[in-house]
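Chain by chain, the residues:
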Amino acid sequence: MPTKEINLVPEKEFGKLSAREKAFDWTVKYGRTIVIIVQGLVICLLFYKLALSDQLSKVSDNVEKKSSIVASFSSTEKELSDIQKRIELLKGVKRDLFKPSAYAKIIARDVPKDISLDTVILQPNLIQLNAKSSNITSFGQMIQSMDSDSELGRVDLLGAHLNPSENTFTFDIEIETKKL
Amino acid sequence: MISRLTRTVSLLNKKEKRAYSILTMSLFTISLLAIFIVRPSIKIVAQYQKNLAQAKAADAALTEKIVNLDKAKVNIEEQKDNITKLYRQLPKDMMQEALLTNLARTATAYNISIVKMGIDQSHEMGKKGLNSVNITLDVAGTYDSITGLVSSLENSERFIKFTSISVENKDGKNTGTMNITVFYLN
């Protein structure tokens, strides 16, 4: 059977209470609950903060230890950055590298033996030849083999003349090369 | 505004007035406590969380760096020979004496005489400390020996970049002019 609270002091109506009494009444009934809940919340936050602080100090210790390990690698780091710098610079200067020996191989391959070369100028993507031969058909062969050479581009005959005293033909040829 | 509020309050009955008064006081208190007590605590906790996240990120980055540096150390040890070659290809100084000795030795090996040598002043290339020196070599020898010298210089320890080459045959004598560039770090 439910018990009924006995209250001998007659309850005043809330509306009739003075402002101070109203505040007191509210504080006793609701305010304390609110304050306790807020305090609980703040205490929870405090404990959470303590946990975070503990974790932070552990992680900071780790960071400090690892920083000192990294510092001990400073010579390796310096050497590595130096190597990387050199590789990068060498890559830069080796880009579009002109290899004259490859050009010389082309000349040796495409120029017939009875043609003598008076002047050979090798430049990036360009070969200039001043050649001499007593046999004009050899020049035809040379130009034909250069035209069909996959490593060469355009072959331009700049000039040709006969030397009656030597009975030889002289040719000026300019050859564009593809990337070797 | 105030008169409308007073009018509205006067329309309420006693129970409603009580309920609204309690509700108003409670909301006011909750707001006050939230602003002055809960908010600073949350702010502090948020700051700690942020610091912890940063510290964890730094920790992870350092761990990765240590692992990578460890690997790098091993790799450097393994690639010692190649690294030595790299240092020879692109030395720290001009090393003029070693370069000239190498040129002279290679020329001698191919029976070539160096007639003239012109060394241009060094030029700074870009901002990375790379310097270049242009060298002009006038040589005399057979066509094959000149091309042999070129091939040998192309594969020399010190990186040599050819700019142009010309070989001339006059009365059975071959003379050649080579324009080359060597590099060094400053």
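First, a word on scope: everything that follows refers to the structure included in this document.

Rules used throughout
Residues numbered from 1 in each chain as written. Chains lettered and ligands numbered in written order. Predicted model: local features only at pLDDT ≥ 70, side-chain atom pairs only at ≥ 80, totals over all residues. Helix = DSSP H or I, 4+ residues; strand = E, 2+ residues; numbered from the N terminus. Rg over C-alpha atoms; globule rule 2.2 N^0.38 Å. Buried ≥ 20, exposed ≤ 12 C-beta atoms within 10 Å, placed from the backbone. Core = buried A, V, L, I, M, F, W, Y, C linked by C-beta atoms within 7 Å. Contact = placed C-beta atoms within 7 Å. Arc of directions from axis to C-beta.

With respect to the overall build of chain A
Of the regular secondary structure elements, chain A holds four helices and four strands. In sequence order, the secondary structure elements of chain A are arranged as α-α-α-β-β-α-β-β. Relative to the compact-globule value of 16 Å for 180 residues, chain A shows a C-alpha radius of gyration of 49 Å, a clear excess of over 25%. By its C-alpha atoms, chain A is 150 × 45 × 35 Å across when sized along the principal axes. Relative to its 180 residues, chain A shows a buried fraction of 13%.

Side note on the nonpolar core
Residues and elements named next belong to chain B. Among the nonpolar cores identified, the biggest contains 35 residues, and Val139 and Leu149 are the most heavily contacted of them. With five residues, the single largest contributor to this core is strand S5 (residues 173–185). Setting aside chain neighbours within four positions, we find Leu149 in contact with Thr106, Ala107, Tyr110, Ile112 and Val139.

Quick notes on helix H3 (residues 100–110) of chain A
Here H3 of chain A has its buried residues at Pro100, Tyr103, Ala104, Ile107 and Asp110 of chain A. Projected down its long axis, H3 of chain A carries its buried residues within an arc of 140°, all on one side. Among the exposed residues of H3 of chain A, those oriented more than 90 degrees off its buried face are Ala108 and Arg109 of chain A. Among the structural elements, strand S1 (116–123), strand S2 (126–133), helix H4 (136–148) and strand S4 (168–177) of chain A together with helix H5 (143–154) and strand S4 (160–170) of chain B are those in contact with the buried residues of H3 of chain A.

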